[in-house]
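Residue strings, one per chain:
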Amino acid sequence: MSRYLLRRLLIAVPSLLGISVVLFTVLALAPGDPFGDLATNPNVPPEVAAALRTKFGLDDPIALRYLHWLTAMLHGDWGFSFVSHVNVDTLILQRLPVTLLVIGGSQILALLIALPVGVYSAVRAHSVLDHVANLLAFIGFSLPTFFTGLLFILLFSIYLDWLPFVFRADIAATGWTWYWEQFKQSIMPVAVLALFQAASWTRYVRSGVLEVIRLDYVTTARAKGLPERVVVIKHIARNALIPVVTLVALQMPALFSGAIVTEQIFRIPGIGSLLISAILANDTPVIMAVTFVFACLVILFNLVADILYGWLDPRIAYR
Amino acid sequence: MIEHQLRGLLAAVREGRVSRRAFVHRMVGLGLTAPFATSLLTHAGMAQSAAGADYKPTKAGGGGPLKMLFWQAPTLLNPHFAVGTKDQEGSRIFYEPLAAWDPDGNLVPVLAAEVPDIENGGVAPDGMSVTWKLKKDVQWHDGRPFTADDVIFNWEYAADPATAATTSGSYRDITVEKVDPLTVRLRFKSRTPFWADAFVGQFGMVIPKHLFEAYRGANSREAPANLTPVGTGPYRFVDFKPGDLVKGERNQSYHLPNRPYFDTIEMKGGGDAVSAARAVIQTGEYDYAWNLQVEDEILVRLENSRNARGRTEIVAGGNIEHIQLNSTDPWTEVDGERSSIKTKHPLFSDPAVRQAMKLLVDRASVEKYIYGRTGTATGNFVNSPQRFASKNTRWEFNIERANQLLEEAGWKRGSDGIRGKDGKKLTLVFQTSINEPRQKTQAIVKQACQKAGIGVELKSITPSVYFSSDTGNPDTYHHFYCDMQMYTTGMNAPDPGVFMRQFLSSEISAKANKWQGRNITRWRNADFDKAYKAADDELDPVKRAALLIAMNDMVVGDPGVIPVVYRRSVSGMSHQLRARLSGWDNVLWDLRNWYREA
C-alpha cells in the first residue's frame, strides 16, 4: 500500500512539471501584458511601463523566466502579483476559506439531495416520483450555473427582495446575526452549485442502486424478513454507492472550476474570482499559481479516488 | 483672431453678461479642459467663486456605513503605483492631494492652505516656480504631523526611476524645495504655463515620509504601508483584500470640522457593471456604484423600475470616443514595420476621401441609439457652443455631399457599387475593441459608407489584446496596422497640452520607439508642431488658449481624427446620498463632504 502510494506520488511529479511547462508557455505566448492600462494613459510616461517590465523580468526569454519561476517555486516562493504587489500565497490563502465554504456547503447539500432522491427513485423505479426526479435532474444539469445564478438573483433578490446578491467576506456583525447574515448570503451561490451537482449525482445513484437491487443477495436479505429500510440502507446502498464515492472525489476539481463562474456572478471573493481578475489583468504569477493549485487538486483527488475505491471494495488490489 | 474673441468673452464674464459656468462650458466646447478654462478666469483677475461644499450635517460621524460598489476593485493602495483609476480611487479614501479639481474645473485646496495664484504670490510671474502653503495642524492617521518634508519626500519618491512610480510623469521634471516647515516651492526646468499638475488631483496624493522613507527605489514593493495606508484623509484604514474589499472607519481627528459624516466606509469589488447598477439603483443594497459603463437604455429602465432606490449621476469629463484615420500605409511593410511614416496612405492621402469620411459618421444616431445620456455627439472635442463656433468645428452627416465630394475627386463607382480610381478600390478596414456600443457604432459607420460607395470591412479585437503594450502583437491600437480605428481617449489631464501631444510629429508611434509614441494616427503637420511649441512656452493663458484652440481645429479640420461622442462618466447613487462628482478628478475627490440626507 505504501509502495503504491509512493509510486503514485512519484509519477505525479513529472505530470506536474509537464503541466507547469505548458501553462507557463501558453501564458507567456498569450497576448497582453499587465501594464496595458498604463500604456493607454497619456499622463503616464512610456518609460514607466518599460521600467516595470524590466523590474519584473518580463523582457527575459521565456525559458529563463520559467526557470526562475520553477526554482523559486521549489524554494516555496510563489512570487508576487504584478498588479497588487502582494505575495501570491497570501492572496490565495486570503481567498481560500470562502471558496472552501461555498464549495463544501454545496457538496454537502448536493449529497443530501442526491442520495435520498437517487435511492428512492431506483427503489420505486418508473413511479411518478421517479419520473419527476428524472425530469428535474435533466433540467438541473442542462442549465449552466451562470444561468441559474442570474435566474436566482432575478427572482430572490430583485422581485422578492429576500436575499442579498453581493457576497461579503467580512460581515460587520457578531454572534447569531453574523451566522444569519452569512447563511442568507450563502444560500444562492451554494444552491446554484449544489443543484447542478445534485442533478447528475442523482442519476448516478439511481443507476448504481438499480444495478444492485436485482442481485441475489438482496433477494436473500428480503427473504430473511429484514425490514425494507434495513435492506435499502445496509445492503443496497452500501454496495451501490462505491462508484458514487469515487465519482464525488473525482468531481471535486471540476467543482472548483464550476465555482469560478458562480463566484464572479455573486462577487464571492474566492479563488475563482481571483483567477478571473488575474487573467483579465494578465497577472502571470497569480494565474500560474492558481492554475497550478487546480492541477495539484486534480492529481490529488484522482489518487484519493483510487485509494478510496480499493478501500471500499476489497476485490481491488493495489499493485 | 481667436485670442481677440477670447478676450472679449473674458470681458463679458467680468461685466457679468456671461456666467463663469457658461464660459467654462464654452471653453470645454473648444477642446480645452475645465481646469484650464478656470485658470484663464483666475489669470484675468476673476478669482474663483468659492463654491463651498453644500454640507448639511452639523457634527462628524453618525452617518452609519457608506457602502460603495466598484466592479473593478482596487488591487493596491499606494497612489504612486496606481494602475488605472480603480487603484487611485481606493487610495483616495485615505490619501489626499494638496488641491483637487471640482466639477467646474476650480482648484479646491485640500492639504494646502490656499490655492497659489499670481496675486497671493504663489505663482511666479516668470512661470518658473510655484509656492504652496500647507495647511496647519494636519495629522497623519498615526498622529504624526504633516509637514513640508512629506511633500518633498513624495517628489523624491515618485521622481526616482528605480521606484517605477506611475505618477513619475508629473514629478520628474520639477524640483521641490522647502521654504519653511509649512511651505514648499516647486521649480520647473522650463517656463510652465500650466503648473497645477504635481501634488494636484489624481496624481497628487501625498504619502507619509516616516513610513515610506526606508522603501524608496528598488525595494519600494516591500513597504508594509503599501497595503495598510496611513494618510491624512477623512477615513482611516481598517482592512484591505486586494481585488475584493477596502474598509475604513471615521478619522476622528480629521482636519475639517464636522467631517466626515459616515462612521465606516466600504468599497466592494468584483462582478460586472450591470449588476452593480442593479444593486444601487434597484435594490438599494449599496449606496454608490462606480463607472457604470452600461447602455443608457438599461439605466433608464432601472431608474424607472417599481420602487427604485437610486439614481444615476452623469458628469462630464474629458473622454472622447473618436475614429482615427491612418496617415500611413498599413498594408505595406517597410523596414520590418507596417504603417511606417515613410509611406502614405493610398486612399486617405486624397483629402476628398478624408473629408467624405468626416461626413459619413452619423453622430446623431450614435448618440440617440447607442450612448443616450452617457455620450454627446461631437464634431469637435465636444458639441460646439453656438456663439463661439468656428466653421470647422461644426459637424454634419451628409451622404449626398460625401458622394459629391468623391465624385468630384474622380472616384467612380464600379459594377459592385464600390468606388475606385486609378486601379485602387475604395475599401477600408475599420478596427476597434470588442465592446457592444463600439460594434454598433461600427455598423452605423459602415452602413453610411456603403451608401457613399466606400466598402468597409469591420474588425473587432479583444480589449486585453487591443489595449496592451505588447510590441510583438500587430493587433494593438498603437501598431494601428489598419485603415481606421476607434477608441476612447481620456482628456482627464487638466492641461489640454498633454492631450495635444498625441499629434506631434516627434511623438509618432513606430518600431524605433517600440510603438510607445503617443502619435498613433501618424498625422503630421508642421504648423501644428510650431503651434504646440509656442503654446508650451506661452505664459499668457489667453494666448495659450488661442493656440490650443487653433491646434484643435487643425486636427479636426484636416481630419486626423473624427470625434464621435463625448463620453460622460456615470455613477449610480442612492436617492439619499449627496456627493459632488467631478470629471476632472477622481470620483472620490470630495469624499470628505459626502453625506446622506435623512
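Just so we're clear, the structure is a prediction, and the values are computed from it rather than from any experiment.

K.L.:
What exactly am I supposed to notice about the nonpolar core here?
P.N.:
Nonpolar side chains in soluble globular proteins tend to be buried together. Residue and element names in this part refer to chain B. Ranked by internal contacts, the top residues of the largest apolar core, which has 79 residues, are Met68, Ile93, Tyr288, Leu588 and Trp594. For Tyr288, the contacting residues outside a window of four places in its chain are Lys67, Met68, Leu69, Phe70, Val280, Ser571, Gly572, Met573, Leu577, Leu581, Val587 and Trp594. Listed in part, the 70 residues of the second largest apolar core include Leu134, Leu186, Val230 and Trp523.

K.L.:
Would you mind going over the packing of helix 11 (residues 363–371) of chain B against helix 13 (residues 436–451) of chain B with me for this structure?
P.N.:
Residues and elements named next belong to chain B. Close contact between helix 11 and helix 13 brings their axes to 10 Å; oriented N to C, the two are set at 145°. Viewed along their axes, helix 11 and helix 13 form a crossing whose handedness is right-handed. From helix 11, Ser365, Val366, Ile370 and Tyr371 reach across to helix 13, where they touch Pro437, Arg438, Lys440, Thr441 and Ile444. Partitioning the contact of helix 11 with helix 13 into residue classes produces 5 nonpolar, 2 polar and 2 charged.

K.L.:
Is there a simple way to explain the interface of chain B and chain A in this structure?
P.N.:
One widely used convention gives an interface's size as the accessible area the parts lose upon coming together. Every contact between the two is made by 61 residues of chain B and, on the other side, 47 residues of chain A. Taken together, the two surfaces of chain B and chain A that pack against each other cover about 4300 Å², and 53% of this comes from carbon and sulfur. Counting across the interface, chain B meets chain A through 2 salt bridges. Measuring nitrogen to oxygen at the nearest pair gives 3.1 Å for the salt bridge that ties Glu266(B) to Arg168(A). Seen at the junction of chain B and chain A, the total is 10 residue pairs in polar contact (both at pLDDT 80 or more). By residue number, the principal contributor to the side of chain B that touches chain A is helix 8 (residues 273–282) of chain B, which donates 5 residues.

K.L.:
For this particular structure, what's the right way to read the sheet that holds strand 4 (residues 129–133) of chain B?
P.N.:
Paired through backbone hydrogen bonds, the strands of a sheet run either parallel or antiparallel to each other. All names here are of chain B. One open sheet holds the 3 strands; their spatial order is 4-6-5, and the pairing between them is antiparallel. The open sheet has two edge strands with one neighbour each: strand 4 and strand 5 (174–180). Recorded for the sheet is a direction-independent mean angle of 20° between the axes of neighbouring strands. Sheet topology places strand 5 next to strand 6 (residues 183–188); 6 bridges connect them, and they run antiparallel. Bridge pairing links Glu177 to Arg185 in strand 6. Most of the contacts of helix 5 (residues 148–159) go to strand 5, to which it runs at about 170°, and overall it touches strand 5 and strand 6.

Cut-offs used in this document
- Residues numbered from 1 in each chain as written.
- Chains lettered and ligands numbered in written order.
- Predicted model: local features only at pLDDT ≥ 70, side-chain atom pairs only at ≥ 80, totals over all residues.
- Heavy atoms only, no water.
- Core = buried A, V, L, I, M, F, W, Y, C linked by side-chain atoms within 4.5 Å.
- Buried < 20%, exposed > 50% of the residue type's maximum accessible area, 1.4 Å probe, protein only.
- Contact = heavy atoms within 4.5 Å.
- Axes fitted to C-alpha atoms, helices over the stretch in contact; angles between N-to-C directions.
- Helix = DSSP H or I, 4+ residues; strand = E, 2+ residues; numbered from the N terminus.
- Left-handed = near helix turned anticlockwise from the far one by under 90°.
- Nonpolar A, V, L, I, M, F, W, Y, C, P; charged D, E, K, R; others polar.
- Buried area = accessible area lost by both parts, 1.4 Å probe.
- Salt bridge = Lys/Arg side-chain N within 4 Å of Asp/Glu carboxyl O.
- Polar contact = N/O pair within 3.5 Å; in protein donor to acceptor, adjacent residues only side chain to side chain.
- Pairing = 2+ DSSP bridges.

Function cannot be inferred from these measures alone, as they are strictly geometric.
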